[in-house]
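Observations on chain architecture
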Amino acid sequence: MLLLLLGGAVGAQDVPHVHEAPAVSRDALIRAFTQAPNGTVPLNSFTGQVREFTLEVHEIETEIAPGMRVKQWAFSHPGQPGSVPGPELRVGVGDLVRITLRNTTGRAHTIHLHGITSLAQSMDGVPHTSQAVLPGQSYTYAFVATEAGTHMYHCHVETNLHLDMGMYGALIVEPREGAVWVNDHVLMLDEWDSHQDPDVLPHKATPNYHLANGKAHPLIPDLQVPQGEVHLLRLLNVGQEVHSMHLHGMTFLVIAKDGQNLPLPYQADTVVIAPGERYDLLVKGRDGTFPLHDHIPPHGTNDGVDPGGIHLMVVGGPELTADGTPVAMPSTHDHGTPTPPAQNVPVQSGTVEVHVSGFRYAPAPLQVRRGIRVVWINDDLAVHTIEVKGVTISPPLRKGGRFAFTFDQAGTYTVVCVQHPFMTATVTVEP
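The rules behind the values
Residues numbered from 1 in each chain as written. Predicted model: local features only at pLDDT ≥ 70, side-chain atom pairs only at ≥ 80, totals over all residues. Heavy atoms only, no water. Helix = DSSP H or I, 4+ residues; strand = E, 2+ residues; numbered from the N terminus. Buried < 20%, exposed > 50% of the residue type's maximum accessible area, 1.4 Å probe, protein only. Contact = heavy atoms within 4.5 Å. Pairing = 2+ DSSP bridges. Axes fitted to C-alpha atoms, helices over the stretch in contact; angles between N-to-C directions. Phe/Tyr/Trp six-rings, centres within 6.5 Å; stacked < 30°, edge-to-face > 60°. Salt bridge = Lys/Arg side-chain N within 4 Å of Asp/Glu carboxyl O. Polar contact = N/O pair within 3.5 Å; in protein donor to acceptor, adjacent residues only side chain to side chain. Core = buried A, V, L, I, M, F, W, Y, C linked by side-chain atoms within 4.5 Å. pLDDT = per-residue confidence, 0-100.

Moving on: the overall build of the protein. Each helix and strand counted, the protein has 3 helices and 29 strands in total. Each principal axis of the C-alpha atoms in the protein carries an extent, and together these give about 80 × 60 × 35 Å. Taking all 431 residues of the protein together, 47% fall into the buried category. Restricting the contact set of the protein to residue pairs at least 6 apart, pairs at least 24 apart contribute 66%.

Right, let's talk about the sheet that holds strand β24 (residues 373-378) for a bit. Reading across from one edge, β22-β21-β24-β27 is the order of the 4 strands in this open sheet, with mixed pairing throughout. Taken across any chain shown, the strands that pair with only one partner, and hence form the sheet edges, are β22 (360-362) and β27 (402-406). Across the sheet, the mean angle separating the axes of adjacent strands is 20° when strand polarity is ignored. One ladder, built from 5 bridges, connects β24 with β27; its direction is antiparallel. Each residue of the ladder has a partner; that of V375, found in β27, is A404.

Turning to the packing of aromatic side chains, a few remarks are in order. Per the counting criterion, the structure on display carries 7 aromatic pairs. Here F75 and Y153 contribute two aromatic rings whose centre-to-centre distance is 5.4 Å and whose plane-to-plane angle is 70°, an arrangement assigned as edge-to-face. Taken as a pair, F75 in strand β2 (residues 68-76) and Y153 in strand β7 (residues 149-154) lie far apart in primary sequence, 78 residues in all. The same class applies to F75 and to Y153, which are both buried. With a centroid separation of 6.4 Å and 65° between ring planes, the pair formed by W376 and F407 is classed as edge-to-face. Taken as a pair, W376 in strand β24 and F407 in the loop between β27 and β28 (411-417) lie far apart in primary sequence, 31 residues in all. Assessed through its relative accessible area of 2%, W376 is described here as buried. In this structure F407 comes out as buried when scored by relative accessible area, which is 1%. A connected cluster of aromatic rings, assembled from ring pairs, spans W376, F403, F405, F407 and Y413.

In total, this model carries 15 salt bridges according to the counting rule given. We note a salt bridge from R102 to E56, for which the minimum N-O separation is 2.9 Å. Here E56 lies in strand β1 (residues 50-65) and R102 lies in strand β4 (residues 96-102), a separation of 46 residues in the sequence. Look at the salt bridges and you will find they share partners, linking E88, R90, E174, D184, R234 and D280 into a network.

Moving on: the sheet that holds β7. Two orientations exist for strands paired in a sheet by backbone hydrogen bonds: parallel and antiparallel. The 4 strands lie next to each other as β3-β8-β7-β5, forming an open sheet whose pairing is mixed. Taken across any chain shown, the strands that pair with only one partner, and hence form the sheet edges, are β3 (89-92) and β5 (112-114). For this sheet the average axis-to-axis angle between neighbouring strands, irrespective of direction, equals 25°. Sheet analysis places β5 next to β7, joined by 3 bridges and oriented antiparallel. What sits directly across from L113, in β7, is Y153.

Further remarks concern the environment of G324. The residue G324 is located in the loop between β19 (311-315) and β20 (343-344) in this model. The class for G324 is partly exposed, based on a relative accessible area of 41%. Through-space distance from the C-alpha of G324 to that of D280 is 31 Å; in sequence the pair is 44 residues apart.

Tracing the backbone shows N208 in the loop between β9 (183-192) and β10 (209-212). A residue is classified by how much of its surface remains accessible, and N208, at 11% relative accessible area, is buried. There is a polar contact of 2.9 Å between the side chain of N208 and the side chain of S194. Setting aside residues no more than four positions away along its own chain, N208 makes contact with W192, D193, S194, H195, T301, N302 and D303.

Looking at soluble globular proteins, one finds that nonpolar side chains tend to be buried together. Formed by 29 residues in total, the largest nonpolar core has its most connected members in F75, I99, I111, L113, Y141, F143 and Y153. Elements with a minimum of two residues in this core: β1, β2, β3, β4, β6 (138-144) and β8 (168-174). Excluding its chain neighbours within four sequence positions, the residues that come into contact with F143 are L43, D95, L96, V97, I99, L113, I116, S118, L119 and L171. One finds I220, L223, Y279 and V314 within the second-largest nonpolar core, a separate group that totals 24 residues.

Here the focus is the pairing of strand β21 (residues 351-357). Only one face of β21 is buried, namely the one carrying V352, V354 and V356, since none of T351, E353, H355 and S357 on the opposite face is buried. Where β21 meets β24, 6 bridges bridge the pair, whose relative direction is parallel. Considered in β24, the bridge of V354 is made with W376. Bridge analysis of β21 against β22 gives 3 bridges, and the strand direction is antiparallel. Residue pairing in the sheet places V356 in a bridge with Y361 of β22. Hairpin geometry of β21 and β22 is characterised by an intervening segment of 2 residues between the two adjacent antiparallel strands and by a positive phi of about 60° at G358.

Further remarks concern the confidence of the model for the protein. Averaged over all residues, the pLDDT of the protein equals 89, while 90% of them reach at least 70. This stretch, residues 1-21, has a pLDDT under 50; its non-local contacts, to residues over four places away or in other chains, come to 36 contacts. Note on residues 331-342: pLDDT under 50 across the span, and 4 contacts to partners over four residues away in sequence or across chains.

And the structure:
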């Protein structure tokens, strides 16, 4: 039973194999469903804390992929910048939850608590069955959190438009008992039409970017899952398209769907998640770093350019070789193959051109004075993206494309191509 997984006395290392879990009869499941209480849970029946949140809506502009800035409608706490997804709301089983929507815009909005079934109809956030929150108004949604699970909130006014503009966030109900996972990670999956205009109706989006937590690769942060640790990965699909999430190098254990514990968890390395669905997956860290990505090929691109879209890395322990020995790290005092001499560029040149040809940078490495402008020019047929690590990144450059950056700070910078990470170069900037 899944209860074995969630009990506080079970350690992360003691997660049982799927075949060890006892089967639950079909009749017992049907009987439990038909006999379970259903309907509004009175607010005065809460047994935990009173948790109160206030959400506002703001129009923001943000970068969803390198060089792609878009307008979004974003939730935020008062006094905080808006973000897509909106603030993550976490409560506990038994808590009385109050979420006040303060409509700071010129449009009508609501909050629908997707997956919460203990609430009254007036708290459901669907305008024609409850009410809309008009500009300048506030409304408080309240419910008792009865069961642990992964849920979300979103606006339900003109849903196709307001969701496409980014009005959503995660709502997590945490269990009272201890869990076997050390940490948990939330990934809200969505897509974006970079050409959409909310003032043009009818709204017919044609997505050309696919996002996890509001960003596309390479802007999606890695997931840190140290070797031997068990973490929980919460997948939520708040968009309009199906996603097929695949994890390299390891399997995961699917333990819950749509906020409901599965009687018999199962192992997989790919889960297909439809709009509105949520899955909870246990992942155990291992050696090395492996991709987690949407296996639907167009969903791994940014406007058709690979790599992009829903693609991130799960970072575990130190990498091992195929024979199980640690991968040797390069020595900081390595006196092996000499480094090619850097090209010294006169200060008065002002601009230095670097040509990308044959999947190499020329010149590389490069040594310049502070204030020099470097222009990369793609001479290859293949697309390249110029990333100066930790500083800037270009949009994908097709043949003939150019990208310029002025180095105003001294230091040594690493340059890589996002599409072809084996391509590296250095720029040393002198004072």
